[in-house]
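Reading the structure
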Amino acid sequence: MPERKPPRAILFDWDNTLVESWGVIHEAMNLTLAAMGHPHWTREETETRVRASLRDSFPAMFGGRWRDAERVFYNSFAAIHLQHLRALPGAGEMLADLAGQGLYLGVIRNKRGEYLRREGNQLGWAAHIRALAGAGDAARDKPAIEHVKLALGDLVCGEDVWLVGDADIDLKCATNAGCTPVLMRPAAPAAGEFPGHEPALYFPDCAGLLAYLRQA
């Protein structure tokens, strides 16, 4: 693991970085596809295809009916997301510890900000996280730099700002903003998996990231 100076701020992805979300996303997505006359996706297809926000991905998927599809998805998601909400192991401890160290913590997520903030409150994490920025809160969504700037508030993007996530869009976002891209997921990155936006650091889970920063 390369040595780096401790960050002054960390922005986290939400879904499948801090909370387990694939189940609820998969269910809401298939309800949407069915309503729009499209075939269902397998769980693997959902995990592979869902990256960008709905306003960036649904026009290509549903054409002129994308607003109808958006309404179906969010109505479906709103009905079930809190009952399915589960923190990933060690996420709450990590956030509390990092906030206690004085780090600025934020979240950028490509789902509506209203749902993100409800989930943050449900988990009791709002006291640790300075900004919870969801889709539609900024002029453009992740991987655009506007989303990062909104989450950082008065702070400036730079290498001492880490952007932590589990997917290629998170690494692209960090690269676009000039932040340090950090991959956090069980599977280590494969050679050549992220051309042009390789992770500077990799951790298998929240405990690994926290242990690294405690030693920094």
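A brief structural summary. (Residues numbered from 1 in each chain as written. Predicted model: local features only at pLDDT ≥ 70, side-chain atom pairs only at ≥ 80, totals over all residues. Heavy atoms only, no water.)

**Notes on the side chain of His197**
- Along the chain, the position of His197 falls in the loop between β7 (180-184) and β8 (201-203).
- Judged by relative accessible area, His197 falls into the buried class, the value being 12%.
- For His197, the side chain forms a polar contact with the main-chain oxygen of Pro195, separated by 3.1 Å. (Helix = DSSP H or I, 4+ residues; strand = E, 2+ residues; numbered from the N terminus. Buried < 20%, exposed > 50% of the residue type's maximum accessible area, 1.4 Å probe, protein only. Polar contact = N/O pair within 3.5 Å; in protein donor to acceptor, adjacent residues only side chain to side chain.)

**As for the sheet that holds strand β5 (residues 131-135)**
- Across the sheet, 6 strands lie side by side as β5-β4-β1-β6-β7-β8; this open sheet has parallel pairing. The strands lining the two open edges of the sheet, one partner per strand, are β5 and β8. Each strand of the sheet is rotated relative to its neighbour by a mean of 20°, with strand direction disregarded.
- Across 4 bridges, strand β4 (residues 104-112) lies against β5 in parallel orientation. Bridge assignment links Arg112 to a residue of β5, and that residue is Ala135. (Pairing = 2+ DSSP bridges. Axes fitted to C-alpha atoms, helices over the stretch in contact; angles between N-to-C directions.)

**Considering the pairing of β5**
- For β5, a buried count of 5 out of 5 residues is recorded, marking the element as mostly surrounded by other parts of the structure.
- Each parallel crossover has a hand, and the one from β4 via helix α6 (residues 113-123) to β5 is right-handed. (Right-handed = clockwise from strand over helix to strand, strands pointing away.)

**Structural notes on the pattern of salt bridges**
- Here the structure, examined in full by the defined rule, presents 18 salt bridges.
- For Arg109, the salt bridge identified is with Asp15, shortest N-O distance 3.2 Å. Here Arg109 is found in strand β4, whereas its partner Asp15 is found in the loop between β1 (9-12) and β2 (19-20), with 94 residues between them in sequence.
- Residues joined by salt bridges that share partners form a network here, namely Asp13, Lys142 and Asp170. (Salt bridge = Lys/Arg side-chain N within 4 Å of Asp/Glu carboxyl O.)

**Remarks on the nonpolar core**
- In terms of nonpolar packing, the biggest core is built from 28 residues, with Phe12 and Leu18 touching the most fellow members.
- When residues of this core are traced back to their parent elements, those giving at least two are β1, α5 (91-100), β4, β6 (161-165), β7, β8 and α9 (206-215).
- No other element matches α9, which puts 5 residues into this core.
- If near-sequence neighbours (up to four positions away) are discounted, Phe12 is found in contact with Thr17, Leu18, Met94, Leu95, Leu98, Leu105, Gly106, Val107, Ile108, Val164 and Leu209.
- Formed by 19 residues, the second largest nonpolar core is a distinct cluster that contains Val24, Ala28, Met36 and Phe58. (Core = buried A, V, L, I, M, F, W, Y, C linked by side-chain atoms within 4.5 Å. Contact = heavy atoms within 4.5 Å.)

**Things to note about the packing of helix α1 (residues 22-35) against helix α3 (residues 54-62)**
- Close contact between α1 and α3 brings their axes to 13 Å; oriented N to C, the two are set at 35°. Between α1 and α3 lies a crossing whose hand is right-handed. Residues Met29, Thr32 and Leu33 of α1 touch α3, and the partners they reach there are Phe58, Met61 and Phe62.
- Taken together, the residues of the contact of α1 with α3 break down into 5 nonpolar, 1 polar and no charged. (Left-handed = near helix turned anticlockwise from the far one by under 90°. Nonpolar A, V, L, I, M, F, W, Y, C, P; charged D, E, K, R; others polar.)

**Some remarks on the packing of α5 against α9**
- The geometry of α5 relative to α9 is characterised by a closest axis approach of 9 Å and an angle of 25° between their N-to-C directions. Between α5 and α9, the angle is such that the two are roughly parallel. The hand of the α5/α9 crossing is left-handed. Counting all contacts with α5, which are made through Ala91, Glu93, Met94, Asp97 and Leu98, the residues of α9 involved are Cys206, Leu209, Leu210, Leu213 and Arg214.
- When its residues are assigned to classes, the contact of α5 with α9 shows 7 nonpolar, no polar and 3 charged. (Parallel < 35°, antiparallel > 145°, perpendicular 65-115°, else oblique.)

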